[in-house]
Amino acid sequence: MASVKPRIVLVTRPTEYEAVLERHGTRGQAAFFLSTRGQCIDGLEARHAAFTQAMRGVAAAIPADLRRTRVTRRDLERFVFEPADVVLVVGQDGLVANTAKYLDGQSVIGVNPDRGQYDGVLVRHSPERAGRLLAAVLAGRAELEVRTMVRAELDDGQHLLALNEIFVGHRGHQSARYRLTCGKETERHSSSGAIFATGTGATGWARSISRERRAPVELPKPSEKRVAFFVREAFPSVATGTELTQGVVDAPAQVEIVSEMSENGVLFGDGIESDAIELPFGVRARIGVAAVVLNLVH
């Protein structure tokens, strides 16, 4: 039986222009709303036009005999990726992170539609390079950058993956109470939550937290099988401590958190609060390096 040809999956998110049109109905209404607040719709239109042009170039680079589909960020959790898919993410760096948690080893090409808007840490390629990179992936000769991911597993079997970091805390950003264990050390905390970051996440939220510490930890590199953790604003009391508030764990070691939150305890990855896992009182989460990695086309 002939093998099934790879499918090309284009991942995007609505532009700012599309978002305001969805909210206000027409361009005129959107322009009026923005003008009453001292803003102009022209910049949104220009960025939308740049994105549309980039998408045309990327779409034209896909061979006509290959299957293709397009999925938006809001539909990723319902989309089923196939093992042989080649994923083209067109947008900002965060969209690659949003996509990575739903993959299982598929190659990802990050395309930057507007270098004036996006840094390009993960979406480093121009639309003009999409065809050449896609051909290299399909021929099995693409250079891949393997990036470590972080995984949380609850004692009820639920699990969560993230490329940048996993947050553990209170859904309403109230004080989060839990017991944290790392190696032979354990401590009860009342804090603003804790984050567990990979080397990819070390350029973002984790870096900001680390820079504010008196003794910052050495953050992992993107390919290293290590995860750094930081407890945010730990509160000292007769029942809670502030000593075990940061560190780095190497695979296969994990950090363990046991929730002491009677309600609204959650874990979520890469800032996607809508895709959170509940963490009620007594539930145990173990967090560390994931077996799954992101294969990013270099």
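Above this text you will find the structure in question.
Cut-offs used in this document
- Residues numbered from 1 in each chain as written.
- Predicted model: local features only at pLDDT ≥ 70, side-chain atom pairs only at ≥ 80, totals over all residues.
- Heavy atoms only, no water.
- Axes fitted to C-alpha atoms, helices over the stretch in contact; angles between N-to-C directions.
- Helix = DSSP H or I, 4+ residues; strand = E, 2+ residues; numbered from the N terminus.
- Parallel < 35°, antiparallel > 145°, perpendicular 65-115°, else oblique.
- Contact = heavy atoms within 4.5 Å.
- Buried < 20%, exposed > 50% of the residue type's maximum accessible area, 1.4 Å probe, protein only.
- Lys, Arg positive; Asp, Glu negative; His and termini not counted.
- Salt bridge = Lys/Arg side-chain N within 4 Å of Asp/Glu carboxyl O.
- Polar contact = N/O pair within 3.5 Å; in protein donor to acceptor, adjacent residues only side chain to side chain.
- Expected span 1.5 Å × (residues − 1).
- Arc of directions from axis to C-beta.

1. Some thoughts on the packing of helix 1 (residues 16-24) against helix 2 (residues 27-35)
In step 1: At a minimum axis separation of 8 Å, helix 1 and helix 2 run at an interaxial angle of 100°. In terms of axis orientation, helix 1 runs roughly perpendicular to helix 2. Residues Tyr17, Val20, Leu21 and His24 of helix 1 touch helix 2, and the partners they reach there are Arg27, Gln29, Ala30 and Phe33.

2. Here's the deal with the side chain of Glu187
In step 1: You can see Glu187 is positioned in strand 9 (residues 185-191).
In step 2: One buried charged residue, Glu187, remains without a salt bridge, the closest side chain of opposite sign being Arg179 at 9.1 Å.
In step 3: For Glu187, the side chain forms a polar contact with the side chain of His189, separated by 2.7 Å.
In step 4: Here Glu187 is in contact with Tyr178, Arg179, Leu180, Gly241, Thr242, Glu243 and Leu244, once residues within four sequence places are set aside.

3. Details of helix 3 (residues 42-60)
In step 1: Look at helix 3: 27 Å from first C-alpha to last across 19 residues, which is about the 27 Å you get at 1.5 Å a residue.
In step 2: Within helix 3, the full set of buried residues consists of Leu44, His48, Phe51, Ala54, Met55 and Val58. The buried residues of helix 3 occupy one face: seen down the axis, they fall within an arc of 125°. Along helix 3, exposed side chains directed more than 90 degrees from the buried face belong to Gln53, Arg56 and Ala60.

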